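# Summary of the model geometry
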Amino acid sequence: MADDRAGRQRGGWWWAAGVIVAVAMVLGFADILGVARVPIIAGVLGPRNALTIAAGVGALVALAVSLIRPVRFVALPLAVALAVTTAISAPIVLARGVANTQPALSGQGQLRILSWNTNGDLVAPQTIAAEATSLRANVIVLPAIDEREKSAVVDAFASRHLAMVASSVPGDEVLVLTDASLGRRDTTGAGEPVGSQTLVLHPDDKGQPALVALHADQPTLRGNAAWRDELAWVADECSRGDAIVAGDFNATLDELGDGGLGACRDAAAVVHAGSVGSWPTAVPTWLAMPLDHILVTPDWQVDSFTVLTDADGSGARHRPVFAVLSRR
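Keep in mind that this is a model prediction, so the values were computed, not measured. (Residues numbered from 1 in each chain as written. Predicted model: local features only at pLDDT ≥ 70, side-chain atom pairs only at ≥ 80, totals over all residues. Heavy atoms only, no water.)

## What to know about the packing of helix α4 (residues 48-65) against helix α5 (residues 72-96)
Contact geometry of α4 with α5 gives a least axis separation of 8 Å together with a crossing angle of 150°. When the axes of α4 and α5 are compared, the pair comes out roughly antiparallel. Here the hand of the crossing between α4 and α5 comes out left-handed. Across from Arg48, Asn49, Thr52, Ala55, Gly56, Gly58, Ala59, Ala62, Leu63 and Val65 in α4, the residues of α5 making contact are Ala75, Leu78, Ala79, Leu82, Ala83, Thr85, Thr86, Ser89, Ala90, Ile92, Val93 and Arg96. Across the contact of α4 with α5, the residue classes tally to 13 nonpolar, 7 polar and 2 charged. (Axes fitted to C-alpha atoms, helices over the stretch in contact; angles between N-to-C directions. Helix = DSSP H or I, 4+ residues; strand = E, 2+ residues; numbered from the N terminus. Parallel < 35°, antiparallel > 145°, perpendicular 65-115°, else oblique. Left-handed = near helix turned anticlockwise from the far one by under 90°. Contact = heavy atoms within 4.5 Å. Nonpolar A, V, L, I, M, F, W, Y, C, P; charged D, E, K, R; others polar.)

## Section: the state of the cysteines
Scanning all chains against the criterion turns up 1 disulfide. Cys238 shares a disulfide with Cys264; S-S distance 2.1 Å. In this structure, the disulfide formed by Cys238 and Cys264 twists by about -100° around the S-S bond and is classed as left-handed. With Cys238 in helix α8 (residues 225-238) and Cys264 in strand β10 (residues 264-266), the pair connects residues that are 26 residues apart, well separated along the chain. (Disulfide = S-S within 2.5 Å.)

## Things to note about helix α6 (residues 125-135)
Spacing of three or four residues puts side chains on the same side of an α-helix, whose turn is 3.6 residues. Pro125, Ile128, Ala129, Glu131, Ala132 and Leu135 are the residues of α6 that are buried. Burial along α6 is one-sided: seen end-on, the buried residues are contained in an arc of 160°. The inward-facing, buried residues of α6 contact β1 (111-115), β2 (139-142), α7 (150-158) and β13 (321-327). Positive backbone phi, approximately 55°, marks Arg136, located one or two places after α6. (Buried < 20%, exposed > 50% of the residue type's maximum accessible area, 1.4 Å probe, protein only. Arc of directions from axis to C-beta.)

## Section: a nonpolar patch on the surface
Taken together, Ile53, Val57, Val61, Val65, Ile68, Val71 and Trp286 make up a surface patch of nonpolar side chains, about 590 Å² in accessible area. Tracing the sequence through the fold places Ile53 in helix α4. (Patch = residues over 30% accessible without salt bridge, like charges linked within 9 Å, V, L, I, M, F, W, Y side chains within 5 Å. Areas by Shrake-Rupley, 256 points an atom, 1.4 Å probe, with all protein chains shown as cover. Salt bridge = Lys/Arg side-chain N within 4 Å of Asp/Glu carboxyl O.)

## A look at the nonpolar core
Ranked by size, the top nonpolar core spans 26 residues in total, and within it Leu111, Ile244, Ile294, Phe305 and Leu325 carry the most contacts. Here the element with the most residues in this core is strand β12 (residues 300-307); it accounts for 4 residues. In this structure, Leu325 is in contact with Gly109, Gln110, Leu111, Ile113, Ile244, Val296, Trp300, Gln301, Val302 and Asp303, ignoring residues within four places of it in sequence. Listed in part, the 22 residues of the second largest apolar core include Trp116, Phe157, Ala316 and Val324. (Core = buried A, V, L, I, M, F, W, Y, C linked by side-chain atoms within 4.5 Å.)

## Some details on the side chain of Ser66
Relative to the assigned elements, Ser66 resides in the loop between α4 and α5. According to the relative accessible area criterion, Ser66 is buried, its value standing at 6%. At a separation of 2.5 Å, a polar atom in the side chain of Ser66 contacts the main-chain carbonyl oxygen of Leu63. With residues near it in sequence (within four places) discarded, Ser66 still touches Arg72, Ala75 and Leu76. (Polar contact = N/O pair within 3.5 Å; in protein donor to acceptor, adjacent residues only side chain to side chain.)

## Things to note about the pattern of salt bridges
Applying the stated criterion across every chain, the model contains 8 salt bridges. Arg96 is paired through a salt bridge with Asp254; the nearest N and O atoms lie 2.9 Å apart. With Arg96 in helix α5 and Asp254 in helix α9 (residues 253-256), the pair connects residues that are 158 residues apart, well separated along the chain. Using a relative accessible area of 4% as the deciding quantity, one classes Asp254 as buried. When the shortest N-O distance is used, the salt bridge between Arg240 and Asp236 registers 2.8 Å. Since its relative accessible area comes to 60%, Arg240 is described here as exposed. Among the ionic contacts, a cluster of salt bridges with common partners joins Arg48, Arg96 and Asp254.

## Considerations on the side chain of Asp266
As for its placement among the helices and strands, Asp266 is situated in strand β10. For Asp266, which is buried and forms no salt bridge, the nearest opposite charge comes from Arg265, at a distance of 8.5 Å. Side-chain polar atoms of Asp266 contact the backbone nitrogen of Ala269, separated by 3.0 Å. Look past the residues within four positions of Asp266 in its chain and what remains in contact with it is Leu253, Leu256, Gly259, Gly260, His293, Ile294 and Leu295. (Lys, Arg positive; Asp, Glu negative; His and termini not counted.)

## Here we look at the sheet that holds β1
Strand pairing in a sheet takes place through backbone hydrogen bonds and is either antiparallel or parallel in direction. The mixed open sheet is built from 6 strands, whose spatial order is β3-β4-β2-β1-β13-β12. Of all strands in the sheet, those with a lone pairing partner are β3 (164-167) and β12, marking the two edges. Along the sheet, successive strands turn relative to each other by an average axial angle of 15°, direction set aside. As paired strands, β3 and strand β4 (residues 175-179) are joined by 4 bridges and run antiparallel to one another. By the bridge assignment for β4, Ala166 is matched with Leu177. Across the sheet, α6 lies against β1, β2 and β13, angled at about 155° from β1, the strand it touches most. (Pairing = 2+ DSSP bridges.)

## A few points about the packing of α6 against α7
Describing two packed helices takes the angle between their axes plus the distance from one axis to the other. Across the interface, α6 lies against α7 with an axial gap of 8 Å and an inter-helix angle of 45°. By the angle between their directions, the pair α6 and α7 is classed as oblique. Judged by the twist between their axes, the crossing of α6 over α7 is right-handed. From α6, Pro125, Gln126, Ile128, Ala129 and Ala132 reach across to α7, where they touch Ala152, Val153, Ala156 and Phe157. Split into classes, the residues belonging to the contact of α6 with α7 amount to 8 nonpolar, 1 polar and no charged.

Structure (structure tokens):
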């Protein structure tokens, strides 16, 4: 009878290992299965980098523990399950790219876009202006700037004698600054979808792209309808023609789907940096989640995309992301 009970226990652990593998397969192919934006699954997909590394380390530890005979019936199924999980997820992480290259050198006709979720007022305005200046950014997207900080940020740029045009809407946390040489843009579309933190800048000069900025809702276990609506709204904006979208999407490439949204491609995915994480700054980029994105329509070539780490001590929880774009 003891042997029967031990056999059932061993069988139970192998069944548990099978469940882990099944879950890993669903998460690995969530986009293909059409479930990447489903509540719970969307939340689990975010930390793919960290979970993949944890599964790999866990597999090695479990394999070592399986050498101890009394616990082998537990450790061996666990080692196999975690090894298979790693084998499913690691190629996805690596295929999206982990190389964080330096920004392309400044040149004529470029759009040099800095997007930084500064978490309200956690970053000093002078720090934001200094970062933008060092990169020679001519478009700055601040998707989560405190209403009281907007004028201070504009003043910080003015103190550096930078001719920037500030675009925002009262009560909206999104602020976009563009170099005056890029021409004027009309601010429309703020608050779409209803209640969202978004901003759309349509250019007077038809040779310039529309600029779309957003701070998307965070998907939660209770539901993520608003977040899904925002991603669908971005895809719709991308279908309207020449456009660049930047901000905090609270989504990784798993949820965006196929490396972008609608007609827009993710700049990081284009240059194989799609797994370089921007949140949180408390962990290295290879553990962090890539939540901040710059998307472009086919009108634009991505010369470089960089998750910047030089401002990790600024107080922000998100790293700034920076793309250099040129016309095709």
